[in-house]
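For reference, the chains in residue letters:
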Amino acid sequence: MRIAGRLAADVLDMIGEHVKAGITTDELDAICHKYITETQAAIPAPLNYRGFPKSICTSLNHVVCHGIPGDRTLKSGDALNIDITVIKDGFHGDTSRMFFVGKPNIQAERLANIAYESMWLGIEQLAPGKRLGDIGEAIQKNVEKNRFSVVREYCGHGIGRVFHEDPQVLHYGKAGTGLELQAGMTLTVEPMINAGKRHVRLLPDGWTVVTKDHKLSAQWEHTVLITPEGFEVLTLGSEQR
Ligand code: MF3
Ligand code: CO
Ligand code: CO
């Protein structure tokens with residue numbers, strides 16, 4: 001899991017410099033696909049996962065998650081989440097970050113910053129004996145204090161040899177409730193935060209999730225191991241290791 005996590009983070013480190021005006025999300029997908037399969041000798045988990053057609057997810061502006069790379073050209077002011085999941089030696093590493101094209105839009109930057117801070121407040125709850133509700137409450141409180149909203153329909157998940165497994169890691173809830181955490185568990189924390197209302201809509205492509213009010217959404221994701229002392233983040237970027 002440490003190796004898979006590091007590889008997923010390496011893909012995000014690699015792709016950052018390519019996220020600029022004029023490139024399409026299909027081109028970003030192709031660069032990541034080549035890097036994962038050739039340089040890393042790993043497998044891009046999204047490709048053909050339940051029929052998903054590409055190797056990465058690219059969720060732009062009001063897209064909440066599971067955006068499908070396509071011919072859309074990035075332009076200055078766009079906010080893009082890139083979500084990478086790789087399989088190495090049978091284990092999954094899953095991580096996403098927000099990227100800005102050109103000069104960041106102030107609103108989008110603030111939303112991304114609060115989403116980032118909220119993800120970390122959730123991760124910092126992780127330790128043996130803590131409960132899943134502790135994570136959800138920490139995230140939800142921070143988001144709502146800032147007058148943003150938490151998406152309810154999608155959540156973090158257990159991860160290992162299987163991409164998505166129990167437990168569901170909700171990004172809202174009540175401290176002291178839910179499953180008790182144990183050392184050795186690996187799961188993701190990946191809050192989706194909306195600038196407007198929390199409600200989402202699934203597009204007819206069966207994958208792309210957008211905000212109902214078409215306001216901006218932001219997300220960050222890490223894969224984390226519960227350790228006897230607390231937690232170890234398996235998908236840190238090179239500058240955070
Ligand atoms: N990486 C996403 C997650 O964080 C799942 C993407 S599923 C896909 O759980 F099929 F859209 F790739
Ligand atoms: Co992911
Ligand atoms: Co995930």
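Refer to the structure printed above.
The text that follows walks through the structure, step by step, so that each part is easy to find.

Calculation notes
Residues numbered from 1 in each chain as written. Chains lettered and ligands numbered in written order. Predicted model: local features only at pLDDT ≥ 70, side-chain atom pairs only at ≥ 80, totals over all residues. Heavy atoms only, no water. Donors = N, O, S within 2.8 Å, 3.2 Å for Na, K, Ca; no water. Tetrahedral: all angles 85-135°; square planar, octahedral: opposite > 155°, others 65-115°. Helix = DSSP H or I, 4+ residues; strand = E, 2+ residues; numbered from the N terminus. Buried < 20%, exposed > 50% of the residue type's maximum accessible area, 1.4 Å probe, protein only. Expected span 1.5 Å × (residues − 1). Arc of directions from axis to C-beta. Phe/Tyr/Trp six-rings, centres within 6.5 Å; stacked < 30°, edge-to-face > 60°. Lys NZ or Arg CZ within 6 Å of the ring centre and 35° of its normal. Near = heavy atom within 4 Å. Polar contact = N/O pair within 3.5 Å; in protein donor to acceptor, adjacent residues only side chain to side chain. Areas by Shrake-Rupley, 256 points an atom, 1.4 Å probe, with all protein chains shown as cover. Nonpolar A, V, L, I, M, F, W, Y, C, P; charged D, E, K, R; others polar. Axes fitted to C-alpha atoms, helices over the stretch in contact; angles between N-to-C directions. Parallel < 35°, antiparallel > 145°, perpendicular 65-115°, else oblique. Left-handed = near helix turned anticlockwise from the far one by under 90°. Contact = heavy atoms within 4.5 Å. Pairing = 2+ DSSP bridges.

## Digging into the coordination of the cobalt ion (ligand 3)
Then, in step 1: At 2.0 to 2.2 Å from the cobalt ion (ligand 3) lie its protein donor atoms, namely Asp94 (OD), His157 (NE2), Glu190 (OE) and Glu221 (OE).
Then, in step 2: The site at the cobalt ion (ligand 3) holds 6 donor atoms, and with the angles between them running 52 to 163 degrees, its shape is irregular.
Then, in step 3: Along the chain, the residues that donate to the cobalt ion (ligand 3) are spaced as D-x62-H-x32-E-x30-E.
Then, in step 4: The distance between the cobalt ion (ligand 3) and the cobalt ion (ligand 2) comes to 3.4 Å, and aspartate 94 binds to both of them.

## A closer look at unusual backbone geometry
Then, in step 1: A cis geometry characterises the amide bond from aspartate 166 onward to proline 167, with omega recorded as 0 degrees.
Then, in step 2: With respect to the element layout, proline 167 can be found in strand β8 (residues 165-169).
Then, in step 3: Of note in the backbone geometry, alanine 41 takes a positive phi value of approximately 50 degrees without being a glycine.
Then, in step 4: Residue placement: alanine 41 occurs in the loop between α2 (25-39) and β1 (43-44).
Then, in step 5: Taking relative accessible area as the criterion, alanine 41 reaches 54% and is therefore assigned exposed.
Then, in step 6: Positive phi, normally seen in glycine, also occurs at arginine 50, with a value near 50 degrees.
Then, in step 7: Inspection of the secondary structure assignment puts arginine 50 in the loop between β1 and β2 (57-60).
Then, in step 8: Residue classification places arginine 50 among the exposed positions, given a relative accessible area of 68%.

## A look at the coordination of the cobalt ion (ligand 2)
Then, in step 1: The protein atoms donating to the cobalt ion (ligand 2) are Asp83 (OD), Asp83 (OD), Asp94 (OD) and Glu221 (OE), with metal-donor distances spanning 2.0 to 2.3 Å.
Then, in step 2: In this structure, the cobalt ion (ligand 2) is surrounded by 6 donor atoms whose angles at the metal cover 59 to 166 degrees, and the resulting shape is irregular.
Then, in step 3: Mapped onto the sequence, the residues coordinating the cobalt ion (ligand 2) show the spacing D-x10-D-x126-E.

## So, α2
Quick reminder: α-helices carry 3.6 residues per turn. Residues three or four places apart thus point the same way.
Then, in step 1: An ideal rise of 1.5 Å per residue puts 21 Å on 15 residues; α2 measures up with 20 Å between its terminal C-alpha atoms.
Then, in step 2: Those residues of α2 lying buried are Thr25, Leu28, Asp29, Cys32 and Ile36. Relative to the axis of α2, the buried residues are bounded by an arc of 100 degrees and lie together on one face. Looking at α2, the residues exposed on the side facing more than 90 degrees away from the buried face are Glu38 and Thr39.

## A word on the packing of aromatic side chains
Then, in step 1: Within this structure, the stated rule accounts for 3 aromatic pairs.
Then, in step 2: Plain terms: the ring middles of tyrosine 116 and tryptophan 220 are 4.7 Å apart, the flat faces sit at 70 degrees to each other, and that makes the pair edge-to-face. Here tyrosine 116 is found in helix α3 (residues 106-123), whereas its partner tryptophan 220 is found in the loop between β13 (217-219) and β14 (222-226), with 104 residues between them in sequence.
Then, in step 3: Assessed through its relative accessible area of 27%, tyrosine 116 is described here as partly exposed.
Then, in step 4: Lying across the ring of tyrosine 172, arginine 152 places its NZ or CZ 4.6 Å from the centre.

## Considerations on the site of ligand 1
Then, in step 1: Of all residues adjacent to ligand 1, which total 14 residues, the nearest are Pro46, His157, His164, Glu190 and Glu221.
Then, in step 2: Contacts to ligand 1 include histidine 164, whose side-chain N or O atom sits 2.7 Å from an oxygen atom.
Then, in step 3: Burial of ligand 1 by the protein amounts to 97% of the accessible area it has alone, namely 330 Å².
Then, in step 4: Looking at the shell around ligand 1 residue by residue, the classes come out as 6 nonpolar, 4 polar and 4 charged.

## Some remarks on the packing of α3 against helix α4 (residues 132-145)
In a pair of packed helices, the angle between the axes and the distance between the axes together describe the arrangement.
Then, in step 1: Relative to each other, α3 and α4 sit at 155 degrees, their axes nearing to 8 Å. It follows that α3 is roughly antiparallel to α4 by the angle criterion. For the pair α3 and α4, the crossing hand works out as right-handed. The segment α3 lies against α4, with Ile114, Glu117, Ser118, Leu121 and Gly122 engaging Ile135, Ala138, Ile139, Asn142 and Val143.
Then, in step 2: Looking at the contact of α3 with α4 residue by residue, the class counts come to 6 nonpolar, 3 polar and 1 charged.

## A few points about the sheet that holds strand β6 (residues 149-150)
Then, in step 1: Spatially, β6-β10-β13 is the arrangement adopted by the 3 strands of the open sheet, whose pairing is antiparallel. At either margin of the open sheet sits one strand with a lone partner, and together these are β6 and β13.
Then, in step 2: Two elements, β6 and strand β10 (residues 192-194), share 2 bridges in a ladder whose sense is antiparallel. By the bridge assignment for β10, valine 150 is matched with isoleucine 193.

On their own, these measurements won't tell you what the molecule is for.
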